[in-house]
Amino acid sequence: MVLSNTICNNHCTCRHKGRGKNRIYVGTCDGSLKGELTYIPKFPNGTSKVVFINNGLQILSRESLGNISSMHSHVTDLNLKYNKIKSIHNNAFSDMLWLCSLDISGNDQINSSDLANSFNSLPKGYINTLILKSMKLKHIDDLFDGLKGCKIRTITLTNNAIETFNGKWFAQFQELIILDINWNKISTRNLKLKGLSGLRWLHLGDNPLSEIPAFCDDGLSKLTTLHLSHTQLRSLAELKEKFRCLQSLKILYLNELEIHQLHNNTFSELKSLKELNLMNMQGHSLEISPYAFNSSSLEQLSFYMTKRFLFLKWYAQKGIFVPQTLFSLCRNIIALDLSHNVIDFRENVIRDMFKPLKNLQRLFLENLQITYIPRYFLHHFPQLKKLSMAKNKILPWTEGTLIFKDVKSLQEINLENNRISMISSKSIPSNVLDNLKTIDLSNNHFTCSCDLMWFRDWMKSTKVEIKNAKNYKCDNSEFLINYNPTPERCKNIVLIVAVSIGCLVGVILFATIIVYFCRWRIRFQLYSIRSRYRNYHQLKQNSSVYVAYVIYCYEDFKWVKDKLIKEIEIEHGFQLCIPHRDFEVGKVFADNIVDHMNLSKTVIPVFSNNFSKNEWCLFQLDVARSKLTKEGTLTIFPVMLEEVEFKNMNAAIYSFIKLSNYAAWSEDSNAKELFWDKIKDHLKNI
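All values reported here derive from a predicted model rather than from experimental measurement.

Rules and cut-offs
- Chains are numbered independently. Their residues run from 1 in the order of the written sequence.
- For a predicted model such as this one, the threshold for reporting local features is a pLDDT of at least 70, and the threshold for listing and counting side-chain atom pairs is 80 or more; totals across whole chains, interfaces and linings nevertheless cover every residue.
- Remark: hydrogens and water are excluded; side-chain values derive from all non-hydrogen atoms of the structure.
- Runs of E in the DSSP output that reach at least two residues are strands. Runs of H or I that reach at least four are helices, and both are numbered from the N terminus.
- We compute the radius of gyration from the C-alpha atoms alone; for a globule the expected value is 2.2 Å times N to the 0.38, where N is the number of residues.
- For the exposure calls, accessible area comes from a 1.4 Å probe over protein chains only, and a residue counts as buried if that area is under 20% of its type's maximum, exposed if over 50%, partly exposed in between.
- Throughout, a residue-residue contact means that at least one pair of heavy atoms, one from each residue, lies within 4.5 Å.
- The term salt bridge refers to a side-chain nitrogen of Lys or Arg lying within 4 Å of a carboxyl oxygen of Asp or Glu.
- Think of a patch as exposed residues, more than 30% relative accessible area, with no salt bridge, where like charges cluster within 9 Å and nonpolar side chains (Val, Leu, Ile, Met, Phe, Trp, Tyr) cluster within 5 Å.
- Accessible surface is estimated by sampling points in the Shrake-Rupley manner with a 1.4 Å probe; for residues, cover comes only from the protein chains shown.
- Here the expected length of a helix is defined as 1.5 Å per residue gap, with one fewer gap than residues.
- What the arc describes is the spread of directions from the helix axis to the C-beta atoms.
- Under the rule applied, a polar contact is a pair of N or O atoms within 3.5 Å (in protein, one hydrogen donor and one hydrogen acceptor; residues adjacent in sequence only if both atoms are side-chain atoms).
- Strand pairing is assigned whenever DSSP identifies at least 2 bridges connecting the two strands.
- Per-residue confidence from the predictor is given as pLDDT, running between 0 and 100.

1. Quick word on the overall build of the protein chain
When helices and strands are tallied, the protein chain shows 17 helices and 33 strands. Taking 2.2 N^0.38 as the reference for a compact globule, 686 residues should give roughly 26 Å; the C-alpha atoms of the protein chain span a radius of gyration of 28 Å, in line with that estimate. Each principal axis of the C-alpha distribution contributes one length, and for the protein chain these read about 85 × 65 × 55 Å. Looking at the protein chain as a whole, 50% of its 686 residues are labelled buried. Taking the contacts inside the protein chain whose residues are at least 6 apart along the sequence as the reference set, 70% of them involve residues at least 24 apart.

2. Focus: the pattern of salt bridges
Side chains that differ in sign of charge can pair as their charged atoms come close. In this structure the tally under the stated criterion is 18 salt bridges. For Glu36, the salt bridge identified is with Lys84, shortest N-O distance 2.6 Å. Placement of Glu36 in the loop between helix H1 (31-34) and strand E3 (47-53) and of Lys84 in the loop between strand E5 (77-79) and strand E6 (87-88) is noted, with a sequence separation of 48 residues between them. Owing to a relative accessible area of 32%, Glu36 belongs among the partly exposed residues under this scheme. A salt bridge links Glu299 to Lys274; the nearest nitrogen and oxygen atoms lie 3.6 Å apart. In this pair, Glu299 sits in the loop between strand E18 (287-288) and strand E19 (300-302) while Lys274 sits in the loop between strand E16 (261-262) and strand E17 (275-277), placing the two residues 25 residues apart along the sequence. Glu299 sits in the partly exposed class, given a relative accessible area of 28%. By sharing partners, the salt bridges in this structure join Asp217, Glu241 and Arg244 into a single network.

3. Side note on a nonpolar patch on the surface
Taken together, the side chains of Leu97, Trp98 and Tyr126 make up a nonpolar region of the molecular surface, amounting to roughly 310 Å² of accessible area. Within the secondary structure, Trp98 sits in the loop between E6 and strand E7 (101-103). Trp98 gets classed as partly exposed once you look at its relative accessible area, which sits at 35%.

4. Describing the environment of Phe165
With respect to the element layout, Phe165 can be found in strand E10 (residues 165-166). Judged by relative accessible area, which is 1%, Phe165 ranks as buried. If sequence neighbours within four positions are ignored, Phe165 has contacts with Ile140, Phe170, Leu179, Ile181, Ile186, Asn190, Leu191, Lys192, Leu193 and Leu196.

5. Topic: helix H17 (residues 669-685)
Along its 17 residues, H17 runs 25 Å from first to last C-alpha, staying within 8% of the 24 Å computed at 1.5 Å per residue. All buried positions along H17 are accounted for by Phe675, Trp676, Ile679, Lys680, His682 and Leu683. Looking straight down H17, one finds its buried side chains confined to an arc of 160°; they lie on one side. Exposed and oriented more than 90 degrees from the buried face of H17 are Asn670, Glu673, Leu674, Lys684 and Asn685. In this structure Asp668 caps H17, since a side-chain oxygen of it lies 3.0 Å from the backbone nitrogen of Ala671.

6. Describing the pairing of strand E30 (residues 600-607)
Remember that side chains alternate between the two faces of the sheet whenever the strand is regular. For E30, the buried fraction is high: 7 of the 8 residues fall into the buried class. Here strand E28 (residues 546-551) pairs with E30 via 5 bridges, running parallel. Across the sheet, Tyr546 pairs through a bridge with Ser600, a residue of E30. With 2 bridges connecting them, E30 and strand E31 (residues 635-636) associate as parallel partners. Its bridge partner lying in E31, Thr602 is registered against Thr635.

7. A short note on the confidence of the model for the protein chain
On average, residues of the protein chain score 88 in pLDDT, and 91% of them reach the 70 mark or higher. With pLDDT under 50 throughout, residues 1-6 is counted as low confidence; its partners more than four residues away or in other chains account for 7 contacts. Confidence over residues 534-541 falls short of pLDDT 50; this stretch has 15 contacts with residues more than four positions distant or in other chains.

Shown next as structure tokens:
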């Protein structure tokens, strides 16, 4: 429901969220959508949340907040991100009597002393949340002195330039439970956490921490969630000792660490641990000790894309992992993600390593390069509710009774992006289908023949939610929903097929050879078709927040952070859009891409062999090309991080290499200087 337009500024939207007692009215003015405003307008009475972002406010004062701080206003949540604020008055919030949450992220021209003085005017009895992301803050020792007496519960300081952190600066906030100092420059020796004994949630990721902090010595025994991802930790050998007091810890993030061994019983003393995330591990020769995952309380384990760890028989024979004991002491796991690794289900010893997981309810086996669903495997998990084997190379199967033997609780199946051309009555038993709630078979090109009639009839009659069913396609590009053969027609087709089969064998063989040699072109066209169906619309006005939008894959993120951001953003002041850092949490990833690209003047794709195989990288590149060729709204300046092998080359990358000016990375000092000069010259001239 939208509030009357007569009481809402034309540049804004006024809506409500929730129902009954939980209903709140939200006023939103996003300058990137409807043009910048230089003042905060009035909103309807009862508006409790104001989102005024990407505008040109410049001065934040008592007067500039006048329209939302009147006696009739009860604004409790104020978001002023990216408003180019240069000055903030010390009495700015004097009339914001009900304010509970304040977000002024991205206004990096505000003087830190002025910011500190303005906090004196915040309402002492209500303010509990402060979000100060991307503010270029460096020294924060006295930043919050003006908040004495406030019941602050949440402070976010993500993506600043903080080098030294001392918990005593926050000791006055006895009710502080959430602290986010992610993406700063805090080293181990400059980190002191004493004074934060009440913390429940702590994010220390993306800081140059080389050792595990002394949480117990600093009294952080109440932590329930801890992030230590993408730090410089090289070993977890001391984790058991350093974590001995964290008996309330439930969620632990240790993603993107360059470690070489997971030791026995590393997590065994964390008696409340429910969720363990070990994703994108960067160690080149990771070894898993026999009882590394020993934890009687663990319920969720993500061991995702760990340099494509090889769960193979010969890896086990070398002692790199022990299948028989891998999950033997974590039998209470209900959710397991082993995606983006390599698993050989042909070997009994590998399949049997899953046997202890009798309580498993959610299993993710995506992008394992497997061509089949293993038989006599799923019956190990009598409580399994969700199975995802998306982005593999699974072919059609008919042994459904063997594959889904004893599977009685399955509610969700995700088999998108495979090579499933046919689903028959023998593929999935009726007792499994009867219990299903959702199934996803999108991006599988079906062979639309009479053999598919059973599946078409089932689609029409079932109550199961078939995700993206309208986009299912046949191998002749016809939409599956339009394929409706009659039984009579199929009977006649049998005779025709018998006569023509000899000719078809030759045609199919020839077509297979052509498709193989042109497979990269076909994939490129599929990306183009997908992007057109996204229905993205060009923004009416482009108010650039970033100089450049950077496209990169996860494998190259370390280079982007350590080299590109340091040289271009930190050293020379060009504001880059880094998806890993700047995307809005909770927003659809595709929408994040288009919205942030619309806020950028140019696009810098970081080409590499990993880039050429990453679906989202190619999608982002396709969006950028569309804006370049059809809309003319931005430019594209490629960066060649490494030479792309011919087998990984596709049409998009090939065209940029042959037809565009680009910068090629090299470790040679002279070449580096030329590389950075090319990028800086491009950014200065756009």
